[in-house]
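One letter stands for each residue in the lines below.
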Amino acid sequence: MTEQNEFPESGRVPTRVLGTPPADAPIVDSDPVHAPEGVPGVIPQDPVQARKAERIVALLFLVTFLAGAGFIASYVIFQVGTIDRTATSNLALGGTLTLALLSLAAGLTVWVRRIMPKYNLVQERHEMRSDDETREYVRETFLQGAEESGFVKHRLLRRTLLLAAAPLGLAPLVLLKDLGPLPGTSLRHTVWGEPTKDGKPRRLVVEGSGQPIRAADFNSPGGILSVVPEGYEEDLNALAKATLILLKFRPEELKSGTNLNWTHDGIVAYSKICTHVGCPAALYEQTTHHILCPCHQSTFDAADGAKVVFGPAARPLPQLPIGIDEEGYLVAKSDFDVPVGPSFWERGDAEAEVREKAS
Amino acid sequence: MNAPPKAITGVSTFVDDRIGAGNFLKRNLRKIFPDHWSFLLGEIALYSFVILLLTGTFLTFWFKPGMAETTYTGSYAPLYGVKMSEAYASALNISFDVRGGLLMRQIHHWAALLFVAGMTVHMLRVFFTGAYRKPRELNWIIGILLLSLALLEGLTGYSLPDDLLSGAGLRITEGVMLAIPIVGTYLQFFLFGGEYPGHDVISRFYSIHILLIPGILLALVSAHMILMWVQKHTQMPGKGRTEKNVVGAPFYPAFMIKAGAFFLFTFGVIALLGTFAQINPIWLFGPYTPADISAGSQPDWYMGFLEGALRLMPAWEINFLGHTVTFSVLIPALVPLGIVMTGLALYPFLEQWVTGDRREHHVADRPRNNPHRTAIGISGITFYGILWLLGANDEISANFHISLYTTTWFGRIAIFVGPAIAYWITYRMCIGLQRKDAEVLSHGVESGVIKRMPNGQYIEVHTPPAEDIAEHIRGKKEIPVLESAEDGEGIPPKGARSALGRLRAKMSEAYGTDHVPLTDGHHEEGHEGEHAGVGAGDRKELH
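Under the annotation held in an unreviewed UniProt entry, chain B carries the name Cytochrome bc1 complex cytochrome b subunit and is attributed to Microbispora hainanensis. The UniProt entry for chain B carries the following comment under Subcellular location (unreviewed entry): "Cell membrane". Of chain B, the UniProt comment under Cofactor (unreviewed entry) reads exactly: "heme".

An unreviewed UniProt entry lists chain A under the name Cytochrome bc1 complex Rieske iron-sulfur subunit, with Microbispora hainanensis as the source organism. Quoted verbatim from the Subcellular location (unreviewed entry) field of UniProt, the annotation for chain A is "Cell membrane". Turning to chain A, the UniProt record has this under Sequence similarities (unreviewed entry): "Belongs to the Rieske iron-sulfur protein family."

Laid out in structure tokens, this is it:
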């Protein structure tokens, strides 16, 4: 440490205060503590140190050169095509690129810090506002121009110009209308309400395999299936509303919330689309009969009409009326009686309407 | 070197003859940039943006923003023959069949995370040091716009690959749009071109993601830089630094090279992450279908606070006249974002209104020296942080074996209590730190030397603080307080007569009152020997 002591004290007081940095390395920032005579604010580095630093910088730049060359070589040498080869290529390309960039960055930093002088230059600031004279000139010019243009004097011109601008401003908005069809009542229906081509009720099929489900085979209580409508297995628009979660209960487990007329032999079908914001409510806990949506953790009691027991969803998952066809496969008896999925402005209290209609 | 090389003089003469660039360079080559570690935070965001533009352009050469169904026949064996959208297939293609494609995808994603993170911490730096004050309010607003647009840019970006995870984000976006009263259903149908998911949203997001928003970002970033350049950077308080000057290193050559090096560091670190830290492995998620989801789906970090807000909102939905308003979606989707962004945008103006301070400020505040501002900021961070944490409550629940619903209830309470506690603690800490500063100035710092007095008493000798530290501390500025005292006849000043005026005066007093005025240590400079303000009450006695 240099003897840059600003408080010469008796021998018993240390020249450097404990716990503070040495005087030549201020903590506040790179403000140099002392400036040599001659060039205030530009403090050259010690030439011996600078020469040492030069060698370090040169080494780092050389590493960058080699790594950069390695990057190009890696591109040629390592082909992709399998998972392993992609991984190797990624590692080689990324590794050389990283090394080249970091080494170049380090080289530049050493250059600035150990070869370039240290700076403590001062520049004056000026108020941002223009002076009064300028302001006055602009004011006058503005008024003069407004006067000359006649915009102020000619009222009819002014008003019709504003009038002319209004529809043009709206035009771009009008153009956006064809972005999509109007909603109509499409959010209220799912494909479960549409009979198949030959007029039969639509079968429930297992998501993924597309297998229809024979009620007699889906017989272990606690069982769960993700179900999609037959014929729409790959129609994402249909699936976004019609996907079901199919559960098998012992008859005594079902509570009053579940409509028993819509079940078949303890098999219940609920919409899988969460009534909160539409994620698939895909997690099921057998012991509690809870259906959990993994997005925002709305929890529904599957044994009790899928009513909400926790979380932000405000409505139960709608239940689909199901039965079996003549071959014993599960089918939808009709569409959901309320809209599925997240709430929307036009939805209204569909559940209450249904209750009213029933009574 | 006595004369610049011919190659340079030739070109510069050509340019100067035609556009007079010399005048600009004369003024700006030696422009001074002050130095402080925290000034680098915004640069991280800037350089990440450059990297995003570069890598993003690369990705567009192969990405196909289509939702038409295709059968995957690329190199990734586990998905061979699987039906998927063109977008997902081309994203897989970039990952496995284009050399460097996976690297660029991962660098792009990491750079996006760092872009928003850099902006966020930069904004916090500007907030806590009061660098948004006059004349920089406009640049502050531009910054808020940049941050908001960056969130939108991120949302449209991570929806593009059309994998199962990105689809979950889209589905939530759809659900939130539906919840908007009156126009929500229409907006959703217009954005998605009909019912969700439709066949249009990816290509629409694509043009928004690669053209519309980056174009606006580029324009605003340029404006941000130009304003910074014209107004000159703020500086931290210190020796020789005033409101009228700027102290530091010149643009040419030092700052230029430093900035270049920092760009390369940023790029290098992002490349390092892109190489070794896997991010968004879309091939593991599979193609999107609205029927499926994986547990533990998480958005990118900057969407976490919205996700958390959605999770901790209790169920609340009302119906009237055949219409539905679902507050359990509307409130969490709009209110936290609204509070944070609007609060940030208005803060400079609210502060001016409260303090009546219309002066220009170029020396930044140390956060402790404006305790209420700092407390408000930490309070906001706490609010945001709790929401953010709750956005991962399923992970917290799984990893720390806490009941899921307990974490939700914790969040529901903490979102109100947390910011208040944070405010109080921060305020006290600021005052404490100010006291420490005052003590350093008036009594000096402990020297570690124990001295025995003639009467047998032991004391610790204090010495004055190092000059640069002392100057840094002395940079504390008084916060103006509105005049509200009654005059001789018991009449308050004009502004403080209405109820609002009285409130304003009260707030001003609370905001600006300096509880720990600095008693400058200068008066002790004449002393000789081992002095250190060892007053009667300040002795550190040894027992």
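Glancing now at the UniProt feature "transmembrane region" (unreviewed entry) in chain A. All names here are of chain A. Here, UniProt's "transmembrane region" (unreviewed entry) annotation points to residues 56–78 and 90–112. Strand forms 0% of residues 56–78 and helix 96%; the C-alpha atoms that close the span are 32 Å apart. The distance from the first to the last C-alpha atom of residues 90–112 is 33 Å, and the span holds 100% helix and 0% strand.

In this section: the sheet that holds strand β4 (residues 245–250) of chain B. Strands sit in the order β3(A)-β4(B)-β1(B) across an open sheet of three strands; the sheet is antiparallel. Each edge of the open sheet carries a strand with a single partner, namely β3 (121–124) of chain A together with β1 (32–33) of chain B. With four bridges connecting them, β3 of chain A and β4 of chain B associate as antiparallel partners. Bridging from a neighbouring strand, leucine 121 of chain A pairs with glycine 248 of chain B of β4 of chain B. Packed on one face of the sheet, helix α10 (residues 251–276) of chain B meets β1 and β4 of chain B and runs near 75 degrees to β4 of chain B.

Pairing in this open sheet of four strands is antiparallel, and the strands run β8-β9-β10-β11 (chain A) from one edge to the other. Bordering the open sheet on either side are β8 (283–285) and β11 (307–310) of chain A, each of which pairs with just one other strand. The sheet shows a mean angle of 35 degrees between the axes of neighbouring strands, taken without regard to direction. Here three bridges tie β8 of chain A to strand β9 (residues 290–292) of chain A, and the two strands are oriented antiparallel to one another. For glutamate 285 of chain A, the partnering residue across the bridge sits in β9 of chain A and is histidine 290 of chain A. Helix α16 (residues 404–443) of chain B rests against β9, β10 (299–301) and β11 of chain A of the sheet, and its axis sits at about 75 degrees to β11 of chain A.

Definitions and cut-offs
Residues numbered from 1 in each chain as written. Chains lettered and ligands numbered in written order. Predicted model: local features only at pLDDT ≥ 70, side-chain atom pairs only at ≥ 80, totals over all residues. Heavy atoms only, no water. UniProt positions renumbered as here; feature names shortened; annotations may be inferred. Helix = DSSP H or I, 4+ residues; strand = E, 2+ residues; numbered from the N terminus. Pairing = 2+ DSSP bridges. Contact = heavy atoms within 4.5 Å. Axes fitted to C-alpha atoms, helices over the stretch in contact; angles between N-to-C directions.

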